[in-house]
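Examining the three-dimensional arrangement
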Amino acid sequence: MSVRMQKDESRTFEQVKKHYEIEKELASKLLNSNREDRQHLYTVLYDQLFKQVPHHPQLIRKADCKASAKEVDRKMRLIVKYLRDDSTFLEVGPGDCMLSLEVAKRVKKVYAVDVSQEITKNSILPQNFELIIYDGCTIPVTANTVTVAYSNQLMEHLHPEDAFDQLRSIYKLLAPGGVYICITPNRLTGPHDVSKYFDEVATGFHLKEYTHTDLSSLFASVGFSKMTAYIGGKGIYLRFPLFLIKGLEEFLCVMPSSLRKKLADTLLVKALLGVILVAKK
């Protein structure tokens, strides 16, 4: 099998292939499960993934303190626009929790909500920080109390049937005027999970990847009325008209697949299409 590894991939082909095989098998179980089973499957399957794939990129990043600190700094450049000293911050899918721990230095209260504690176990947590392990759907935080909710690389991991329920849960826990900062890879430039080396569409734990058009429509369906789009990345974020991004997505969707992939691989289109939406309650 001939696979072109990406420049930022530090693992061997054998490691990546093993990761792919394990994740695809586990993801299939999650994708084909019913709503009741998924209340515990998110936790069980992600714990299995991190135990069976010790070279998983998230585990590697946690071990690389300098790289982790650099990534946190980049993310903070967007989040600080919405933080105040009295803010209550909630991160869904916090990974190693380094970002939430950094935010905790600046705000009154932080909730980090995840389906697995494999990455975060053994971490030393401050008093204003609470780690919550949840069912991957309903977030157990008091309604109307969170001023800033945040997720990065989360929406694509949700079962399509659970996405609406989780988004509705986030909307309910936000205080009036609160915002949800949601970052997710665009399916038009994907796939973006480990299956990117082997498949045309995501078959790993990215159960569904979204466009700006998809996500803004989903946000509106739960009650969000004002949405702001940002473009950029790597610490540089600029507001950009959402309708123009939707127009670009519509244009790319009608293109032949081969041409769309070439355009989507350019730095300009990647900067425009990376989904960074801020929705206000």
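First things first, this report covers the structure right here in the doc. Starting from 1, residues in each chain are numbered consecutively following that chain's sequence as written. In keeping with the predicted nature of the model, local features appear solely for residues at pLDDT of at least 70, side-chain atom pairs appear and are counted solely at 80 or more, and the whole-chain, interface and lining totals rest on all residues. Only heavy atoms go into the side-chain values, all of them from the structure, while hydrogens and water stay out.

1. So, the nonpolar core
Ranked by size, the top nonpolar core spans 53 residues in total, and within it L90, I139, M155, Y180 and L215 carry the most contacts. A run of H or I in DSSP counts as a helix once it spans at least four residues, and a run of E counts as a strand once it spans at least two, with each numbered from the N terminus. Top contributing element to this core by residue count: helix α2 (residues 35-52), with six residues. Discounting residues that sit within four places of it in the chain, L90 has contacts with Y111, V113, I139, V141, V146, V148, A149, Y150 and L173. Buried Ala, Val, Leu, Ile, Met, Phe, Trp, Tyr and Cys residues form a nonpolar core when they are joined through side-chain atoms within 4.5 Å. Relative accessibility decides the category of a residue: with a 1.4 Å probe and only protein chains considered, values under 20% of the type maximum give buried, values over 50% give exposed, and everything between is partly exposed. Residue contacts follow a heavy-atom distance rule, with two residues in contact if any of their heavy atoms lie within 4.5 Å.

2. Here's the deal with the sheet that holds strand β6 (residues 226-233)
Strand pairing in a sheet takes place through backbone hydrogen bonds and is either antiparallel or parallel in direction. One requirement defines pairing of two strands: DSSP has to find at least two bridges between them. In space, the eight strands of this open sheet follow the order β3-β2-β1-β4-β5-β8-β6-β7, with mixed pairing throughout. The open sheet terminates on both sides in strands that have one partner only, identified here as β3 (129-133) and β7 (236-240). Adjacent strand axes in the sheet meet at a mean angle of 20° when their direction is disregarded. Helix α4 (residues 65-79) rests against β1 (88-92), β4 (146-152), β5 (174-184), β6, β7 and β8 (275-280) of the sheet, and its axis sits at about 30° to β7. Only the contacting stretch of a helix is used when fitting its axis, a line to C-alpha atoms as for every element, and angles between N-to-C directions run 0 to 180 degrees. Its contacts with the sheet place helix α6 (residues 160-173) against β1, β4 and β5, and it is angled at close to 145° to β5.

3. Some words on the environment of Y230
Mapped onto the fold, Y230 is located in strand β6. The class for Y230 is buried, based on a relative accessible area of 3%. Distance from Y230 to T142, taken between C-alpha atoms, is 29 Å for residues 88 residues apart in sequence. For Y230, the residues in contact, after removing those within four places along its chain, are L78, K81, Y82, Y237, L238, R239, G274, I276 and V278. Separated by 3.2 Å, the side chains of Y230 and R239 make a polar contact. Under this definition, polar contacts are N or O atom pairs within 3.5 Å; protein pairs additionally need one hydrogen-donor-capable and one acceptor-capable atom, and for neighbouring residues in sequence, both atoms have to be side-chain atoms.

4. Observations regarding α4
One fewer than the residue count of a helix, multiplied by 1.5 Å, yields its expected span. Taking 1.5 Å of rise per residue, 15 residues should cover 21 Å, and α4 covers 21 Å from first to last C-alpha, within 8% of that figure. Along α4, the residues classified as buried are S68, V72, M76, L78 and I79. Each buried residue of α4 sits inside an arc of 145° when the element is viewed along its axis, so together they form one side. Turned more than 90 degrees away from the buried face of α4, the exposed residues are K66 and K70. In this context, the arc is that of the directions from the helix axis out to the C-beta atoms.

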